[in-house]
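If you want the building blocks of each chain, they are given just below.
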There are 2 protein chains.
Amino acid sequence: MRDAYREQLDAIDDGLVEMSRLAGTAMGRATAALLDADLVLAESVIAADSAVDELYEQIDQQAFDLLALQQPVAGDLRAVVAALRISATIERMGDLAEHVAGVARRRYPASAVPPELRGTVLEMGQVAERIVQKAGSVIASHDVETALELETDDDRMDALHRKLFTVMLDKDWPHGVETAIDISLVGRYYERYADHAVSVARRVVFLVTGEKYEDVQARS
Amino acid sequence: MRDAYREQLDAIDDGLVEMSRLAGTAMGRATAALLDADLVLAESVIAADSAVDELYEQIDQQAFDLLALQQPVAGDLRAVVAALRISATIERMGDLAEHVAGVARRRYPASAVPPELRGTVLEMGQVAERIVQKAGSVIASHDVETALELETDDDRMDALHRKLFTVMLDKDWPHGVETAIDISLVGRYYERYADHAVSVARRVVFLVTGEKYEDVQARS
């Protein structure tokens, strides 16, 4: 009985890790689709989001069954409730990758990203992939040190996000309103994506330590 | 024992209704701050978001305690899990109202909304207030008919959102890049706000009927 119980708890964590892997692949491919104006790749990202949604529903069901049948208490109950929160967060990250791909598709055959912002958007994509990979690793390992690293990646993402606005608001911006709108939305998608990854790390830190992320961070 | 249990379940629903009321007030005030370039009002919206966050944490704790101490099953367990999902959604709606207020504050003493879009933004604010009010009513009443109405309001919000882009992408748009960026972000905040309200209604419909929103809608 207890072994089956532990397996059910582990299966939920495995599902969360797999969701984060899919959300990471999606954002990596969405970034490539955006930079290369690759319509086929953009559409493959959009189609693939249903796999994230299915995992989300599966984890919901697993968590519900576990609560109903095993009636976990204390730490295990906290873990299940945290898993419900985390799965919703990663599902949103998948949506954000899909939105980036949607901008690539809408602007095809043009690229939505003008030459002077390609480097910035490329790095935003790289930070996004790195931060979601760390979030997945934190879910699997419950490692608090790694969890605290995500804040640094998120700071980098915020700096890149601000850079987009600095470039767009330059009085000599030559790319017009449509490109500015696309870039401001894309920038927001990456920035939110990183925020969500940090919120996953925050939940794990609280689950493991019983303390808030900031408090653990202040001591480290 | 059972009476206390029922009271605990009701207290969670009351908290959700109160959260939706606060998120609605916040969006109404944020819209006014945006249209009137009212800095004091914008800052009051931003400051008030902590009340939504506190309710969110309180509901988390209430749900956790209820799961731990009462070990609800079947419909009651579904209601508690749904409440966890719904509280997270309304918390995000509060954030989106705060973001709208943030745009008002950033552009002060100017208004972020040019004259030809004031009517559209005003109506987006009205739809947002209406849809969150209905979401709160659906949480309180579990009324499926009202829940199905939210889709119509959301369609209206999407139409208003598209209208923003039509105006901004007109070749004679005279308000430059900064205003276009602000309006595209504000438009997204309202559109997401309405989406979240619909997702609250969807959860309640599933909780009440055991069926998906679309399936119930198709028959109505």
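Every chain begins its residue count from 1, and numbering advances along the sequence as written. Working convention: letters from A go to chains and numbers from 1 go to ligands, in the order in which they are written. Given that the model is predicted, a residue must reach a pLDDT of at least 70 before its local features are reported, and side-chain atom pairs must reach 80 or more before they are shown or counted; all residues, however, enter totals for whole chains, interfaces and linings.

**Section: the overall build of chain A**
Let me state the cut-off plainly: Put simply, DSSP marks the helices as runs of H or I at least four residues long and the strands as runs of E at least two long, and each gets a number from the N terminus on. Restricting the calculation to C-alpha atoms gives the radius of gyration, and the globule rule supplies 2.2 Å times the number of residues raised to the power 0.38. With C-beta atoms placed from the backbone, a residue is buried if 20 or more other C-beta atoms are within 10 Å of its own, exposed if 12 or fewer are, and partly exposed between those counts. Whether two residues are in contact depends on their C-beta atoms, placed from the backbone: they are in contact if these lie within 7 Å.
A count of helical and extended segments in chain A gives seven helices and zero strands. When its helices and strands are written in sequence order, chain A yields α-α-α-α-α-α-α. The C-alpha radius of gyration computed for chain A amounts to 19 Å, which stays within 12% of the reference 17 Å derived for 220 residues, consistent with globular compactness. Across its three principal axes, chain A shows a C-alpha extent of roughly 65 × 40 × 20 Å. Counting only residues that meet the buried cut, chain A has 44% of its 220 residues in that class. Considering only intrachain contacts with a sequence separation of at least 6, the fraction spanning at least 24 residues in chain A is 82%.

**Things to note about the nonpolar core**
Quick note on the threshold: Buried Ala, Val, Leu, Ile, Met, Phe, Trp, Tyr and Cys residues whose C-beta atoms connect them within 7 Å together make up a nonpolar core.
Grouped together as the largest cluster of nonpolar side chains are 133 residues, with contacts concentrated most on Val 100 and Ala 197 of chain A together with Val 100 and Ala 197 of chain B. Those residues within four positions of Ala 197 of chain A in sequence are excluded, and the remaining contacts are Met 93, Ile 131, Val 132, Ala 135 and Leu 150 of chain A.

**Quick word on helix 4 (residues 115-141) of chain B**
Three- or four-residue spacings in an α-helix give side chains the same orientation, since the helix completes a turn every 3.6 residues. Definition in use: Working rule for helices: expected span equals 1.5 Å times residues minus one.
The terminal C-alpha atoms of helix 4 of chain B, which comprises 27 residues, lie 40 Å apart, in line with the 39 Å expected from a rise of 1.5 Å per residue. Just downstream of helix 4 of chain B, His 142 of chain B is the residue with a positive phi angle, here 55°.

**Observations concerning the interface of chain B and chain A**
Where we set the bar: Three categories are distinguished: nonpolar for Ala, Val, Leu, Ile, Met, Phe, Trp, Tyr, Cys and Pro, charged for Asp, Glu, Lys and Arg, and polar for the others, with Gly belonging to the last.
Opposite the 20 residues of chain B that make contact, chain A presents 20 residues. Counting residues per element, the ones that place at least two in the side of chain B that touches chain A are helix 2 (39-70), helix 3 (74-107) and helix 6 (176-209) of chain B. Considering every element that reaches the side of chain B that touches chain A, the biggest residue donor is helix 6 of chain B, with seven residues. For the side of chain B that touches chain A, the per-class residue count stands at 15 nonpolar, two polar and three charged.

**Remarks on helix 5 (residues 144-168) of chain B**
For helix 5 of chain B, with 25 residues, the first-to-last C-alpha span of 38 Å sits near the 36 Å given by 1.5 Å per residue. Along helix 5 of chain B, the residues that are buried comprise Ala 147, Leu 150, Asp 153, Asp 154, Met 157, Leu 160, Leu 164 and Met 168 of chain B. Buried residues in helix 5 of chain B make contact with helix 6 (176-209) of chain A together with helix 4 and helix 6 of chain B.

**Here's the deal with the relation of the copies chain B and chain A**
Basically, it comes down to this: Least-squares superposition of the copies uses the C-alpha atoms of those residues scoring a pLDDT of at least 70 in each of them.
With an RMSD of 0.0 Å, chain B superimposes on chain A once it is rotated by 180° and translated 0.0 Å along the axis. Seen this way, the second copy is the image of the first under a two-fold rotation axis.

**Here's the deal with the environment of Ala 33 of chain B**
Tracing the backbone through its elements, the reader meets Ala 33 of chain B in helix 1 (residues 2-36). With residues near it in sequence (within four places) discarded, Ala 33 of chain B still touches Asp 38, Leu 41, Ala 42, Val 45, Ala 101 and Ala 104 of chain B.

**What about the packing of helix 4 of chain B against helix 5 of chain B?**
Residue and element names in this part refer to chain B. Cut-off, in case you're wondering: Under this scheme, a helix contributes an axis fitted over its contacting stretch, all axes are lines through C-alpha atoms, and angles between N-to-C directions fall in the 0 to 180 degree range. For classification purposes, an angle smaller than 35 degrees is called roughly parallel, one larger than 145 roughly antiparallel, one from 65 to 115 roughly perpendicular, and anything else oblique. For any pair of crossing helices, the crossing counts as left-handed if the nearer helix is rotated counterclockwise from the farther one by less than a right angle, and right-handed if it is rotated clockwise.
Close contact between helix 4 and helix 5 brings their axes to 9 Å; oriented N to C, the two are set at 160°. Accordingly, the angle class assigned to the pair helix 4 and helix 5 is roughly antiparallel. Judged by the sense of rotation from one axis to the other, the crossing of helix 4 with helix 5 is left-handed. Split by residue class, the contact of helix 4 with helix 5 holds 12 nonpolar, four polar and nine charged.

**Considering the confidence of the model for chain A**
All names here are of chain A. Heads up, the condition is: Confidence scores here are pLDDT values: one per residue, from the predictor, ranging 0 to 100.
A residue-level look at chain A finds 99% of positions with pLDDT of 70 or above and a mean pLDDT of 96. No element of chain A has a lower mean pLDDT than helix 7 (residues 213-219), which averages 91, and none a higher one than helix 4 (residues 115-141), which averages 98. Listed scores for the predicted complex are pTM 0.95 and ipTM 0.92.

**A word on the packing of helix 3 (residues 74-107) of chain A against helix 6 of chain A**
All names here are of chain A. The interhelical angle for the contact between helix 3 and helix 6, taken along N-to-C directions, is 165°, at an axis separation of 9 Å. When the axis of helix 3 is compared with that of helix 6, the two are roughly antiparallel. The two elements helix 3 and helix 6 meet at a crossing, and its hand is left-handed. Broken down by class, the residue content of the contact of helix 3 with helix 6 amounts to 15 nonpolar, four polar and seven charged.

**Focus: unusual backbone geometry**
What is expected of a backbone is that most residues other than glycine have negative phi and most peptide bonds are trans. Backbone torsion omega between Tyr 108 of chain A and Pro 109 of chain A reads 5°, so that peptide bond is classified as cis. Of note in this structure, Ala 74 of chain A is not a glycine but carries a positive phi near 50°. The topology assignment puts Ala 74 of chain A in helix 3. In this structure, Ala 37 of chain B is a non-glycine residue whose phi angle is positive, near 50°. Mapped onto the elements of the fold, Ala 37 of chain B is located in the loop between helix 1 and helix 2. Exposure remark for Ala 37 of chain B: the 17 C-beta atoms within 10 Å place this residue in the partly exposed category.

**Overview of the environment of Pro 109 of chain B**
All names here are of chain B. Mapped onto the elements, Pro 109 comes out in the loop between helix 3 and helix 4. On the basis of neighbour count, Pro 109 is assigned to the exposed category, with 6 C-beta atoms found within 10 Å. Along the sequence, Pro 109 and Asp 38 sit 71 residues apart, while their C-alpha atoms lie 7.9 Å from each other.

**Side note on the environment of Leu 39 of chain A**
Residue and element names in this part refer to chain A. Looking at where Leu 39 falls in the secondary structure, it is placed in helix 2 (residues 39-70). A tally of 15 C-beta atoms within 10 Å means that Leu 39 is categorised as partly exposed. The residues contacting Leu 39, other than those within four sequence positions of it, are Arg 105 and Tyr 108.

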